[in-house]
Amino acid sequence: MTDAKKSIHGEWSSRSAFILAATGSAVGLGNIWKFPYITGENGGGAFVIVYLLCVALIGIPIMIAETMLGRRGRENPVHTMQVLSKEAEADKRWHYLGWLGMTGGLLILSYYSVIAGWASAYVFKAFFGSFFGADVTAIETLFRDFIGSPMQLIFWHTLFMMATMLIVARGVDNGLEKSVRILMPSLFILLTLLVMYAMTTSGYFQGIHFLFNLDFNKLTGNSLLIAMGQAFFSLGLGMGCVMVYGAYLPKNISIAKASIVIATVDSLVALLAGIIIFPIVFTHELNPSSGPGLIFETLPIAFGSMTGGWLFGVLFFVILVFAALSSAIALIEPTVCWLVESKGVTRERACLQSGLVTWVLGFGTIFSFNLWSDVKFFGLTFFEVLDYLTANIMLPIGGLAIAVFAGWMMKQQHSRQELDMPDPQHYQIWLFLIKYIAPAAVFLVFLHVMGAL
Ligand code: PHE
């Protein structure tokens, strides 16, 4: 039934186009900004291993499942789940999964855009030589003064949201493919160069030790949840983004292979970011658990003192902004797609509406770093609540639902046909992971955290 149908928004021109776009959605602030600071806050090595295990055992199977649901449904997450639950003769309420995803996407984007705004501002700071010769205190002051100013943060957040809306209004296949094609290799080259720099610092081995040393005593129940949440966040799973991208996927592409490539690239970028940041942290005796400001307080020190630091600094933040843009597009796309398909509004209008809501919400995050820094809910600022709620609760629940639907509700003949794996054993492995391992893992982590509360 759904076989002949194409998405009304167009299709990826090739397998590599899909891989590029999906990698663009996966690789972003999650890898470069968030992974290092939460690894720092959660004690290093053991956390990293749990994170990588979550990517392999939960992330990849769910990514395969989510892409598959998207390609079979070929529409926005809500409609896709309606179509698929009908086909599977399952409960109609499965389409709430689409709602959960769209809401999660906008909530994430509201703070994602604020942080991407920081990165944008840092492009200019790098360009105008603010890091040049600056010591640790100067870099810290620069950052504190910056996030202490609501007006500046509002300005950059607004700029970033406008850029996102403009790009999304033009449609996903226009431009996105091309920009990611340049972006990803440049990001890799730049990260490799920075790793080479990190190797020359005196804190290199200490940094590597921190990142890969397995001290499981440092792991709490909450860190388990954060590691799992990060696997979902970093791969962009559990909220319909992958589903929407899957909807634009032509029939003849192997979903499993694509998912494995994307997850590998994504994890590599995160690890490289860690390998760059922690040596700098230890060289300058900084605190690895200093929170969301970590990359903004460490990298500029390196850029300010290394040869070619000006160029590296500008390039790094430019690439970071672009990587964030390609993720921001993925975060808003499910909602835009839904507005266009079911409310009949134009793409431009859909972008404007969802963008405005997100923009306003972003003020909560902005104020969390200044005016409202003392306003706490359960000991957390507005930004921290939003981050915890989306990454650690909404995405895993979305992912769990996807796993249960794909593993238990959908007819196996359909998933087998859709995945079309050449080796039947591969299908069995995926089925086992998606039916038992992924849901059990998510469930156990939730249970563990609730027990710990
Ligand atoms: N994966 C993106 C990142 O790591 C963020 C994202 C989350 C994108 C959820 C889409 C969906 O930056």
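One structure accompanies this document, and this report is about it.

Definitions and cut-offs
- Residues numbered from 1 in each chain as written.
- Predicted model: local features only at pLDDT ≥ 70, side-chain atom pairs only at ≥ 80, totals over all residues.
- Heavy atoms only, no water.
- Helix = DSSP H or I, 4+ residues; strand = E, 2+ residues; numbered from the N terminus.
- Rg over C-alpha atoms; globule rule 2.2 N^0.38 Å.
- Buried < 20%, exposed > 50% of the residue type's maximum accessible area, 1.4 Å probe, protein only.
- Contact = heavy atoms within 4.5 Å.
- Areas by Shrake-Rupley, 256 points an atom, 1.4 Å probe, with all protein chains shown as cover.
- Lys, Arg positive; Asp, Glu negative; His and termini not counted.
- Charge placed at Lys NZ, Arg CZ, Asp CG, Glu CD.
- Core = buried A, V, L, I, M, F, W, Y, C linked by side-chain atoms within 4.5 Å.
- Patch = residues over 30% accessible without salt bridge, like charges linked within 9 Å, V, L, I, M, F, W, Y side chains within 5 Å.
- Salt bridge = Lys/Arg side-chain N within 4 Å of Asp/Glu carboxyl O.
- Near = heavy atom within 4 Å.
- Polar contact = N/O pair within 3.5 Å; in protein donor to acceptor, adjacent residues only side chain to side chain.
- Disulfide = S-S within 2.5 Å.
- Axes fitted to C-alpha atoms, helices over the stretch in contact; angles between N-to-C directions.
- Parallel < 35°, antiparallel > 145°, perpendicular 65-115°, else oblique.
- Left-handed = near helix turned anticlockwise from the far one by under 90°.
- Nonpolar A, V, L, I, M, F, W, Y, C, P; charged D, E, K, R; others polar.

## Quick word on the overall build of the protein chain
Along its length, the protein chain carries 18 helices and zero strands. Against the 2.2 N^0.38 benchmark of 22 Å for 453 residues, the protein chain shows a C-alpha radius of gyration of 21 Å, consistent with a compact globule. Principal-axis analysis of the C-alpha atoms gives the protein chain an extent of 65 × 50 × 40 Å. Counting over 453 residues, the protein chain shows a buried share of 62%. Considering only contacts within the protein chain whose residues lie at least 6 apart along the sequence, 83% involve residues at least 24 apart. Split by element, the accessible area of the protein chain, about 17,600 Å² in all, is 68% carbon and sulfur. The averaged location of the 26 negative side-chain charges in the protein chain is 9 Å from the averaged location of its 25 positive side-chain charges.

## Looking at the nonpolar core
Trp118, Phe296, Phe316, Phe317 and Trp430 are the most contacted members of the largest nonpolar core, which has 175 residues in total. Per-element tally for this core: the top contributor is helix H14 (residues 309–343), with 20 residues. Once you skip the residues sitting within four places of it in the chain, Phe316 turns out to touch Ile32, Leu190, Leu191, Leu194, Leu299 and Phe303.

## Re a nonpolar patch on the surface
A contiguous nonpolar surface patch, about 650 Å² in accessible area, is contributed by Phe124, Phe127, Phe128, Trp310, Leu311 and Leu315. Elements supplying a minimum of two residues to the nonpolar patch: helix H5 (96–127) and H14. Mapped onto the fold, Phe124 is located in helix H5. Residue classification places Phe124 among the partly exposed positions, given a relative accessible area of 44%.

## Re the environment of Ile262
In this fold, Ile262 is placed in helix H12 (residues 255–283). Of the residues examined, Ile262 reaches a relative accessible area of 1% and is grouped as buried. Distance from Ile262 to Gln428, taken between C-alpha atoms, is 21 Å for residues 166 residues apart in sequence.

## Details of the environment of Val404
Mapped onto the elements of the fold, Val404 is located in helix H16 (residues 382–409). Counting along the chain gives 167 residues from Val404 to Leu237, while the straight-line C-alpha distance between them is 14 Å. In this view, Val404 contacts Trp94 and Met409; residues no more than four positions away in its chain are not counted.

## Quick word on the site of the ligand
Close to the ligand lie 14 residues, the nearest being Ala26, Gly30, Tyr112, Phe233 and Ser234. Here an oxygen atom of the ligand and a backbone polar atom of Ala26 are 2.9 Å apart. In the model, a nitrogen atom of the ligand is placed 2.8 Å from a nitrogen or oxygen of the Phe233 main chain. Among the secondary structure elements, those contributing two or more residues to the shell around the ligand are helix H1 (15–26), helix H2 (29–41), helix H10 (221–235) and H14. Examining the composition of the shell around the ligand, we find that three residues originate from one element, H2, more than from any other.

## Things to note about the state of the cysteines
Among covalent bonds in proteins, the disulfide is the one between the sulfur atoms of two cysteines. In this structure the tally under the stated criterion is zero disulfides. Sulfur of Cys241: no disulfide; nearest cysteine sulfur belongs to Cys337 and is 11 Å away. According to the relative accessible area criterion, Cys241 is buried, its value standing at 4%.

## Focus on the side chain of Thr67
Mapped onto the elements of the fold, Thr67 is located in helix H3 (residues 45–73). Excluding residues that lie within four positions of it along the chain, Thr67 makes contacts with Phe18, Val242, Gly246, Leu249, Ile255 and Ser259.

## What to know about the packing of H3 against H10
To describe two helices that pack against each other, one gives the angle between their axes and the distance between the axes. As a packed pair, H3 and H10 sit with axes 8 Å apart at the nearest point and diverge in direction by 45 degrees. Our classification of the angle between H3 and H10 gives oblique. With respect to the hand of their crossing, H3 and H10 are arranged in right-handed fashion. On the side of H3, the interface is formed by Phe47, Val50, Tyr51, Cys54, Val55, Ile58, Gly59, Ile60, Ile62 and Met63, while H10 contributes Ser223, Leu224, Ile226, Ala227, Met228, Gln230, Ala231, Phe232, Ser234 and Leu235.

## A look at the packing of H3 against H16
Packing of H3 against H16 leaves a shortest axis separation of 9 Å and a crossing angle of 70 degrees. Taken together, H3 and H16 sit at an angle that is classed as roughly perpendicular. Across from Ile62, Ala65, Glu66, Met68 and Leu69 in H3, the residues of H16 making contact are Gly399, Ile402, Ala403, Phe405 and Ala406. Grouping the constituent residues of the contact of H3 with H16 by class yields eight nonpolar, one polar and one charged.

## So, the pattern of salt bridges
Counted by the stated rule, this structure contains eight salt bridges. A salt bridge links Glu418 to Arg71, with the nearest nitrogen and oxygen atoms 3.0 Å apart. Of the two residues, Glu418 is situated in helix H17 (residues 412–419) and Arg71 in helix H3; the sequence distance between them amounts to 347 residues. A relative accessible area of 3% means that Glu418 is categorised as buried. Across the salt bridge formed by Arg93 and Asp91, the nearest N and O atoms sit 2.9 Å from each other. Relative accessible area serves as the criterion here: at 55%, Arg93 is assigned to the exposed category. With a relative accessible area of 36%, Asp91 lands in the partly exposed category. Look at the salt bridges and you will find they share partners, linking Arg71, Arg72, Glu87 and Glu418 into a network.

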